[in-house]
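Report on the structure
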Amino acid sequence: MKKINVKKSFLLFFLTLMIAVLAGCGGNTEKNNSSDGKDGEVTSGGSLNVGLSANAKTFDPIKYTGVYESQVMRQMGDTLVVYNKDLSDIIPSLATEWKVSDDMLVYTFKLREGVKFQKGQYQDGREMTAEDVKYSLERSAKESAMNRLSGVTEVKVLSNYEVEIHLATPNAALLAMLTDAGNMIIPKEEIEGWGDKFSEHFVGTGPFQLTEWKKDQEVKLVRHENYWGDKPHLDHLTMKFISDQNMMTNALRSGDIDIAMDVKGQNREIINQDSNLELLTNPGLSIVYLDLNNKVGPTADKRVREAIYMATNVEEIISGVNQWGGGDVSYLPLPPGSWGYDKSLVDMVPKYNPEEAKKLLADAGYADGFKTEIYVSEARVPYATIFQSQLKKNLNIDVEIKVLEWGTYSDTVAKGNAPMNIGGWTWYPDPYFFLYQLFHTNQIGALGNGKGYSNPEVDKLLERAVSETVVQEERAKLYQEALKLILTDVPRIELEATQTVAGVNKNVHGFEVSADNSVQIVHPNGTNVSISK
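Cut-offs and rules
Residues numbered from 1 in each chain as written. Predicted model: local features only at pLDDT ≥ 70, side-chain atom pairs only at ≥ 80, totals over all residues. Heavy atoms only, no water. Helix = DSSP H or I, 4+ residues; strand = E, 2+ residues; numbered from the N terminus. Buried < 20%, exposed > 50% of the residue type's maximum accessible area, 1.4 Å probe, protein only. Contact = heavy atoms within 4.5 Å. Axes fitted to C-alpha atoms, helices over the stretch in contact; angles between N-to-C directions. Parallel < 35°, antiparallel > 145°, perpendicular 65-115°, else oblique. Left-handed = near helix turned anticlockwise from the far one by under 90°. Pairing = 2+ DSSP bridges. Polar contact = N/O pair within 3.5 Å; in protein donor to acceptor, adjacent residues only side chain to side chain.

1. Observations concerning the environment of S93
Here S93 lies in the loop between β5 (90-92) and β6 (95-100). Using a relative accessible area of 0% as the deciding quantity, one classes S93 as buried. Sequence-wise, S93 and T179 are 86 residues apart; in three dimensions their C-alpha atoms are separated by 9.3 Å. Those residues in contact with S93 that lie beyond four places of it in its chain are D78, T79, L80, V81, V82, R112, W228 and P524.

What follows is the structure, encoded as structure tokens:
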């Protein structure tokens, strides 16, 4: 763990000069979300190297907690259903069709026949059946660290290729839940055979098979020759963990990697001006927020939380972190791309007012400030550094920044042991995946609600939004009512609505940046990336 206490700093003149020189030499303009490569050509064979911005702790579907892990898992495994490319509709994957009972309590799925698992230690690449679906989904419903299949009571096997999923209460978001990497279908033999080591020997039905995982370095994958979908163009896929943004960009420019995910800061411009590279962007469904512990310490007092919010110049933080673009102030606990986002609620967000913040903090008994800690991963240090400076200046609160690798960060926050933390959340347009996961009482103890927020009225509204109707407009109204209560309680500080960004070598063909920040190399939505060299 690294401890940082940094005074507010500014960019070096050299860096500015370097970017100016690059700009003067010409280069690319920023593109939208897809890479066509050279004339859109498709080639077979070859190896693709992808850089991910954070390390993975696990690939076990019930244990994973971060998008960085799912970015790898989706290469190796499949879910019953998936989203299409623009996340506007759910389409078949391991399930070919489905129907929902009138009372919304039973979902019946017909499974794709002839799907083969990758060969493993405990099975030889056998066919996937309904028993595997039952095992995988019931395991998720009972043991998922993030409650990724809450509400499922039973999965009934009707035949080798048909199952029923039974719910305790209606849930209009179930199909979207089933697209989550935590609900991948995996073979029981491999799970039970490997036990806690399954993650190191992952077996699924996906387009690529795990061959080697060098912890803290990279994951090596090879094409699954018996993959049920379109044959992958690539022979090999390597995903490298590179948390340092400058190292990531250098690796892309030197050819050590072909795709760099989560490009930020000055590196956006460096990539944009390199004639061999493309910068792909998507408005995204990602947010960054600053959690305040709602259960213990000074921030258990709402007045303290509100004072901290009013002493935080969010605009300064976001403009400081995104001087070259990539993010805007989020204001609400939903990304603007979600259909539950309501711009009229922005007026409820506490306004920057340091003098009023001081009065409020004094009323709460902390006129002289206090000492506290904020937990972050490496990528969030720039946000924390500016926030640290603001709180010291405006409220005399001393904030110690503690930088943790992803696994330790996730565990610390989920257990409620972080006085403050800066997190990010990326999911689908349905507000359920943001509001329920981050604010429902049932999620206390999971990463999303490590802050310990609980409001029974909010819980009821979030539950009604998935149980009373499937009509999007009616659900949106319920979510907006919940948002009003959440904003009134000030459980955290809303920071950024983040673009999804990747730097891509022009030799890569068919890669698209998805709004949910997933890495799609071969996918049921028609994606099949190739590379020419």
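Having seen the structure, we can now continue with the description.
2. Digging into the packing of helix α8 (residues 302-310) against helix α10 (residues 354-363)
Packed helix pairs are characterised by how far apart their axes lie and by the angle those axes make with each other. Taken N-terminus to C-terminus, the directions of α8 and α10 make an angle of 160°; their axes are 8 Å apart at the nearest point. Overall, the two elements α8 and α10 adopt an arrangement that is roughly antiparallel. In the crossing of α8 with α10, the sense of the turn from one axis to the other is left-handed. Between α8 and α10, the contacting residues are R303, V304, E306, A307 and M310 on the first element and P354, E356, A357, L360, L361 and D363 on the second.

3. So, the sheet that holds strand β8 (residues 152-159)
Pairing within the open sheet is antiparallel, and its four strands lie in the order β6-β7-β9-β8. The sheet terminates laterally at β6 and β8, the two strands that pair on one side only. Taking each pair of neighbouring strands and ignoring which way they run, the sheet shows an average axis angle of 20°. Looking at chain direction, β8 and strand β9 (residues 162-167) are connected through six bridges and run antiparallel. Note that in β9 the partner of V157 across the bridge is V163.

4. Some remarks on the pairing of strand β10 (residues 208-214)
Taken residue by residue, a regular strand's side chains alternate between the two faces of the sheet. Of the pairings in the sheet, the one linking β10 to strand β11 (residues 218-223) comprises six bridges and is antiparallel in character. When the bridges of β11 are listed, K214 appears paired with E218. In textbook terms, the turn of a hairpin is the stretch between consecutive antiparallel strands, and for β10 and β11 this stretch comprises three residues, one of which, D216, has a positive phi near 70°.

5. Focus on helix α2 (residues 67-76)
In terms of residue burial, α2 counts as a mostly covered element, since eight of its 10 residues are buried. Of the residues making up α2, those classed as buried are Y68, E69, S70, Q71, V72, M73, Q75 and M76. For α2, the elements touching its buried residues are β3 (47-52), β10, β11, β12 (236-241), β13 (259-261) and α12 (406-414).

6. Observations regarding the environment of S136
Tracing the backbone through its elements, the reader meets S136 in helix α3 (residues 130-143). C-alpha separation for the pair S136 and G182, spaced 46 residues apart in sequence, amounts to 9.4 Å. Contacts of S136, omitting those with residues within four sequence positions, involve M184, I185 and I186. Here the side chain of S136 touches I186 through a polar contact of 2.9 Å, landing on its backbone nitrogen.

7. Concerning unusual backbone geometry
The backbone of V490 shows a phi angle near 50°, a positive value even though the residue is not glycine. Along the chain, V490 falls in the loop between α15 (472-489) and β19 (492-505). Overall, the relative accessible area of 4% leaves V490 in the buried class. Of note, N517 is a non-glycine position whose phi angle comes to about 65°, a positive value. Mapped onto the secondary structure, N517 falls in the loop between β21 (511-512) and β22 (530-531). Looking at N517, the relative accessible area reads 6%, which means it is buried.

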